[in-house]
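Coordinate inspection notes
The chain contents come next:
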Amino acid sequence: MNYSIALIPGDGIGPEVIAPATGVLDTVGDRYGHVFNYIELEAGGCAIDSTGEPLPNETLETAKQCDALLLGAVGGTQWETLPGRLRPERALLGLRAGLGVFANLRPAKLLPQLRSACPIKDEVLLSGNREGKPEFDLLIVRELTGGLYFGKRGRNADGNAAFDTETYSWFEIERTLRVGYEAAEYRRKKLCLVDKANVLESSRLWREAAAVVAKDYPGIETSFLYIDNAAMQLIRNPGQFDVIVTSNLFGDILSDEASALTGSIGMLPSASLGSPHDPLAKNGRPMGMYEPIHGSAPDIAGKDIANPLGTILSAALMLRYSFGLEKEARAVEDAAAAALDAGLRTRDIASRGTAGVNENIVGTREMGEAVIKLLEQ
Ligand code: NAD
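Let me begin by describing the structure that accompanies this report. Just so it is clear, the structure is predicted and the values come from calculations on it, not from any experiment. (Residues numbered from 1 in each chain as written. Predicted model: local features only at pLDDT ≥ 70, side-chain atom pairs only at ≥ 80, totals over all residues. Heavy atoms only, no water.)

**Overview of the overall build of the chain**
In terms of regular secondary structure, the chain is built from 12 helices and 14 strands. The C-alpha atoms of the chain give 20 Å as radius of gyration, which agrees with the globular expectation for 377 residues (21 Å, within 12%). Taken across its 377 residues, the chain has 54% of its residues classed as buried. Taking as baseline every contact in the chain between residues at least 6 positions apart, the subset at least 24 positions apart corresponds to 75%. (Helix = DSSP H or I, 4+ residues; strand = E, 2+ residues; numbered from the N terminus. Rg over C-alpha atoms; globule rule 2.2 N^0.38 Å. Buried < 20%, exposed > 50% of the residue type's maximum accessible area, 1.4 Å probe, protein only. Contact = heavy atoms within 4.5 Å.)

Here is the structure:
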């Protein structure tokens, strides 16, 4: 089958990590008989340089016509002094809103191969894991198009006071919760709502909605945690979590914390999904935007040292959620794990930044080529 993919390499390490991911997709295509057509588009800093806009209208309109969107990263120090509405990161907000992708799924799993890269002690990990393994496997579902990042904001007349507003509708909360509950059905059947309901009225609405939606998922155990406690529990006992559902702001922070526990921000993929009933849904599958959770990492851009696995694993999520190609998605995930099994490490996931026993430090390109080779076997 043919699939059209809007491809936004973006800035910094974006193009470096996108290249191996498309190489992997092409290999999947050859092996399983699919054709992936890429439509390369500009967004972020490079788009500001060429058009003056972080998200040119043509980019958004073309992306809407495609079956899915794969993005590297946007941003960089050279655009940091621009006013907020012209910053590269605005492109992300515009794409999420324009494509109607409202739920961001961020899996965070400690792979046994990367145990040494996780900063948590064995005994702490073991205390939370019923199977007696120093591992964890959780999924953060973050609301993506509401809350503080999209609420009313401003300054007073003399500019020395500022405000941002957290606003959520029942509709926005309910559809996000449902994504979380559906995901929990296929996992360990536990869902934890993270909020600040002891202080925030919007959080109290999240809890009310959860109490109602939970009735449709009787097999799933629902729990509640305040964000401050959740941030602590994630370090003290990550194995207790299965699916975490939370707001835009809290999800942004918690998922970066979770990424640090897996060893490196460069390892983690993400999927941002719309509703299967939206006009932009294709073949009954929701519109999806796929990207690693890291940024453009200007400090390592152009050096061929960025970890491409977060982007390669994002492509695997695209195969699964947007194209329904589960077998192919697993093949990519297995090939990435096999590359780690073979001892290959980019610098960020090598033991203490240098090659440990049986570890071989490779660059971005070499890691991508290894995954491709393993996929071909
Ligand atoms: P970052 O994620 O780019 O980098 C944080 C740290 O992680 C850096 O030390 C970087 O070298 C390292 N890192 C990130 N990705 C890596 C990878 N694949 N392999 C190895 N190491 C990796 O966050 P930042 O430095 O706060 O932001 C840099 C720019 O990216 C900013 O302009 C920011 O606004 C933007 N940003 C974009 C996105 C996005 O496009 N989705 C997300 C976050 C930040």
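**A look at unusual backbone geometry**
Despite not being glycine, K189 shows a phi value in the positive range, around 60°. Note on placement: K189 falls in the loop between α6 (170-185) and β8 (190-195). For N283, which is not glycine, the phi dihedral falls at a positive 50°. With respect to the secondary-structure elements, N283 resides in the loop between β11 (269-273) and β12 (288-292). On the basis of relative accessibility, which here comes to 70%, the residue N283 falls in the exposed class.

**Some remarks on the site of the ligand**
Around the ligand sit 20 residues in total, of which V74, E89, G295, A297 and N307 are the nearest. Against a free-state accessible area of 820 Å², the protein chains account for coverage of 70% of the ligand. Grouping the constituent residues of the shell around the ligand by class yields nine nonpolar, seven polar and four charged. (Near = heavy atom within 4 Å. Areas by Shrake-Rupley, 256 points an atom, 1.4 Å probe, with all protein chains shown as cover. Nonpolar A, V, L, I, M, F, W, Y, C, P; charged D, E, K, R; others polar.)

**Notes on the pattern of salt bridges**
Summed over all chains, the structure comprises 19 salt bridges. In this structure, the salt-bridge partner of E359 is R345, at a minimum N-O distance of 3.7 Å. Here E359 is found in the loop between β13 (344-345) and β14 (360-361), whereas its partner R345 is found in strand β13, with 14 residues between them in sequence. Overlapping salt bridges, with partners in common, bring together D137, R187, R188 and D242 in one network. (Salt bridge = Lys/Arg side-chain N within 4 Å of Asp/Glu carboxyl O.)

**Looking at the pairing of strand β10 (residues 243-246)**
Going residue by residue along β10, you find V243 and V245 tucked away on one face and I244 and T246 tucked away on the opposite face as well. Here strand β5 (residues 137-143) runs beside β10; their pairing, made up of four bridges, is parallel. Among the inter-strand pairings, I140 is bridged to a residue of β10, identified as I244. Here β8 runs beside β10; their pairing, made up of four bridges, is parallel. Paired with L191 across the bridge in β10 is V243. (Pairing = 2+ DSSP bridges.)

**Some points on the sheet that holds β11**
One open sheet holds the 10 strands; their spatial order is β2-β1-β3-β12-β11-β4-β5-β10-β8-β9, and the pairing between them is mixed. Of all strands in the sheet, those bounded by a partner on one side alone are β2 (35-40) and β9 (221-226). Strand-to-strand twist in this sheet, taken as the mean axis angle between neighbours without regard to direction, amounts to 25°. Inspection of the sheet shows strand β1 (residues 2-10) paired to β2 by six bridges, in the parallel sense. (Axes fitted to C-alpha atoms, helices over the stretch in contact; angles between N-to-C directions.)

**A word on the environment of L60**
Mapped onto the elements, L60 comes out in helix α3 (residues 57-65). Here L60 falls in the buried class, since its relative accessible area comes to 12%. Setting aside chain neighbours within four positions, we find L60 in contact with L55, G94, L95, G98 and L99.

**Topic: the packing of α3 against helix α4 (residues 90-99)**
With their axes 10 Å apart at the nearest point, α3 and α4 run at an angle of 40° to one another. Relative to α4, the element α3 is oriented oblique. In this structure, α3 meets α4 at a crossing whose hand is right-handed. Residues L60, A63 and K64 of α3 lie in contact with α4, whose contacting residues are G94, L95, G98 and L99. (Parallel < 35°, antiparallel > 145°, perpendicular 65-115°, else oblique. Left-handed = near helix turned anticlockwise from the far one by under 90°.)

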